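# Descriptive analysis of the structure
Letter by letter, the chains look like this.
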Amino acid sequence: MFKNFDKVFKFTFKNQIQPKGYKILTIVVALFLLLAPVIIFVVMDKIKSEDEELKSCNADRVYVVNDVATDVDYGILNMTNVTGYTAINYVRSDSVEEALEAIKERDEKNSLVLEFAVTDDEVASRIVLPDDSEIEKDDADNFNKFLNKNSNLVAIMSSGVDMQDLTTLTQSTGYDVYKTSGYDDGVSVYEDKNALNDQINSQYKPAFGMAITFISIMVIYFVALYYGNGIMQNIVLEKSSKLMDTMLISVKPEAMIFGKMLATLSAALLQFFTWIICLVVGFVAAIKVVDVMHPDNELALLTFLKGFKGMGLFKPLNVAIAILVLIFGIIFYSAISAICGAISSTKEEAASNQGLFIMVLIVSFYIVLFGGMKSDVAAWMYLLPCTGAMVLPAGVCMGTTSTLISFAGLAVMVITTVLLVILAGKLYVMMSLYKGNKVTLSKAIKMLVSK
């Protein structure tokens, strides 16, 4: 039945991967997916580090000008316990000019002027740097960030509100979260790293599962749509150019159809899996790089990615099953497209018969989109080939479906795909010499059964 399949496969596969555009696209996208995770995570870590770490402003003395609150001691800001801002000498001044003159007379290089303008709507501040100051613009920006961090306290002091004990506003409020077992032992979830990681993972896992399912759906949909149409057009082209009259002498129709179909899809899958491998390597490299830069980093996404093993995600056996399901899922839809091509004699007939393939694909797409984007997917969706091709890869990798259902879904898909390929071959032979009116799939099957 599949005699000389290898020759058809090699010839078609070579023609698919030889074009320069195919190679350039594969390499460019692979490099992007390899480098993008590293760049993204390094930037995320840098932003998080900058947000958490407030750098010193390098100021020893700050002259404060505020006409509204003339008796406020801004030295209370030293009690906020922010590193680099606990030993600044705040000095009261009547005007900016007076403060700048005092700095010049004392030849102070690490002083700046802070002016407040208080209105009914807001408390605005301005920082003035003396001409000969060693304090740079970035240092002034750091001081401005410090003021913003303590904006409530600064606003209250600057507006002249009379308070009995302003220092109470500088006291920090501590809190902890305990699980029952941790409360008995006096260990909060923030001290228990395992409990904290479990909490982070439980928050990210549902969203990650939906994302993997959505990616699986879109990959099957677009690959099947694009390459299915190409396979159908190639089959019709051979009929119209009379190549099949020669080919059928030495190659069985099932072997020819399956060889061309599998070769075309193999070129696509080679490209796709190259990108997937580069993306995975990129994520692993990103984790290693960030760990080297900041061993104590607390990026929640990195914590989740590191916890894949503990959560039972992406086990080797599950990944192998998911890959097989993905491959046979694409072949399954391509076989439907091959059937449409087998019963078509012209491109016009192929475009009309393509409706069957498109209908199955779109209906399956919407069924999965509205019923498969959740944690408790119905078992029949895993077992039915047209929907299982889209949801089973994600379900297996995320561990939301049992091993028995996974193998059963894969087995049903393989058997169905082989039967469809055989049917396409038989229809191809039957229609090779047909010269009558346009044939629909139902009519072709009736003709096949009646033979």
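In case you missed it, the structure is sitting above this.
So, here is what we can say about the structure in this document. (Residues numbered from 1 in each chain as written. Predicted model: local features only at pLDDT ≥ 70, side-chain atom pairs only at ≥ 80, totals over all residues. Heavy atoms only, no water.)

### Description of the side chain of threonine 26
Looking at where threonine 26 falls in the secondary structure, it is placed in helix H2 (residues 20-52). A polar atom in the side chain of threonine 26 sits 2.7 Å from the backbone oxygen of tyrosine 22. (Helix = DSSP H or I, 4+ residues; strand = E, 2+ residues; numbered from the N terminus. Polar contact = N/O pair within 3.5 Å; in protein donor to acceptor, adjacent residues only side chain to side chain.)

### Examining the nonpolar core
When a protein is soluble and globular, its nonpolar side chains tend to lie buried together. Grouped together as the largest cluster of nonpolar side chains are 60 residues, with contacts concentrated most on Ile257, Met261, Leu265, Tyr333, Ala338, Leu361 and Met390. Mapped onto this core, the elements with two or more residues apiece are helix H7 (193-240), helix H9 (253-293), helix H12 (316-342), helix H13 (347-371), helix H14 (379-383), helix H15 (385-398) and helix H16 (403-431). If near-sequence neighbours (up to four positions away) are discounted, alanine 338 is found in contact with Ile231, Ile235, Ile257, Met261 and Ala424. (Core = buried A, V, L, I, M, F, W, Y, C linked by side-chain atoms within 4.5 Å. Buried < 20%, exposed > 50% of the residue type's maximum accessible area, 1.4 Å probe, protein only. Contact = heavy atoms within 4.5 Å.)

### Re the packing of H15 against H16
For the pair H15 and H16, interaxial distance at closest approach is 10 Å and the crossing angle is 145°. Here the hand of the crossing between H15 and H16 comes out left-handed. Of the residues in H16, those in contact with Pro385, Gly388, Ala389, Leu392 and Val396 of H15 are Ser406, Gly409, Leu410, Val412, Met413 and Thr416. By residue class, the composition of the contact of H15 with H16 is 7 nonpolar, 4 polar and no charged. (Axes fitted to C-alpha atoms, helices over the stretch in contact; angles between N-to-C directions. Left-handed = near helix turned anticlockwise from the far one by under 90°. Nonpolar A, V, L, I, M, F, W, Y, C, P; charged D, E, K, R; others polar.)

### A closer look at helix H4 (residues 137-149)
Over its 13 residues, H4 runs 18 Å from end to end, which matches the ideal 18 Å to within 8%, given 1.5 Å per residue. Burial in H4 covers these residues: Asp139, Ala140, Asn142, Phe143, Phe146 and Leu147. Each buried residue of H4 lies within a common arc of 155° when the element is viewed along its axis, so the set occupies one face. In this structure, H4 carries Lys137, Asp138 and Lys149 as exposed residues pointing more than 90 degrees from its buried face. (Expected span 1.5 Å × (residues − 1). Arc of directions from axis to C-beta.)

### Some remarks on H13
Look at H13: 35 Å from first C-alpha to last across 25 residues, which is about the 36 Å you get at 1.5 Å a residue. Along its length, H13 shows its largest kink, about 30°, at asparagine 353. The set of residues buried in H13 consists of Glu349, Ala350, Asn353, Gln354, Phe357, Leu361, Ser364, Phe365, Val368 and Gly371. (Bend = angle between axes of the 7 residues up to and from the residue.)

### Details of the pairing of strand E3 (residues 111-118)
The side chains of a regular strand alternate, residue by residue, between the two faces of the sheet. Burial within E3 is extensive, with 6 of its 8 residues counted as buried. Where E3 and strand E4 (residues 123-128) come together, 6 bridges link them in antiparallel fashion. By the bridge assignment, valine 118 is partnered in E4 with valine 123. (Pairing = 2+ DSSP bridges.)

### Examining the packing of H12 against H16
Each pair of packed helices can be summarised by the angle the axes make with each other and by the distance between the axes. Packing of H12 against H16 leaves a shortest axis separation of 9 Å and a crossing angle of 20°. Here H16 runs roughly parallel to H12, going by the angle between their axes. Viewed along their axes, H12 and H16 form a crossing whose handedness is left-handed. Here the contact of H12 with H16 is composed, by residue class, of 23 nonpolar, 4 polar and no charged. (Parallel < 35°, antiparallel > 145°, perpendicular 65-115°, else oblique.)

Keep in mind these values describe shape, not function.
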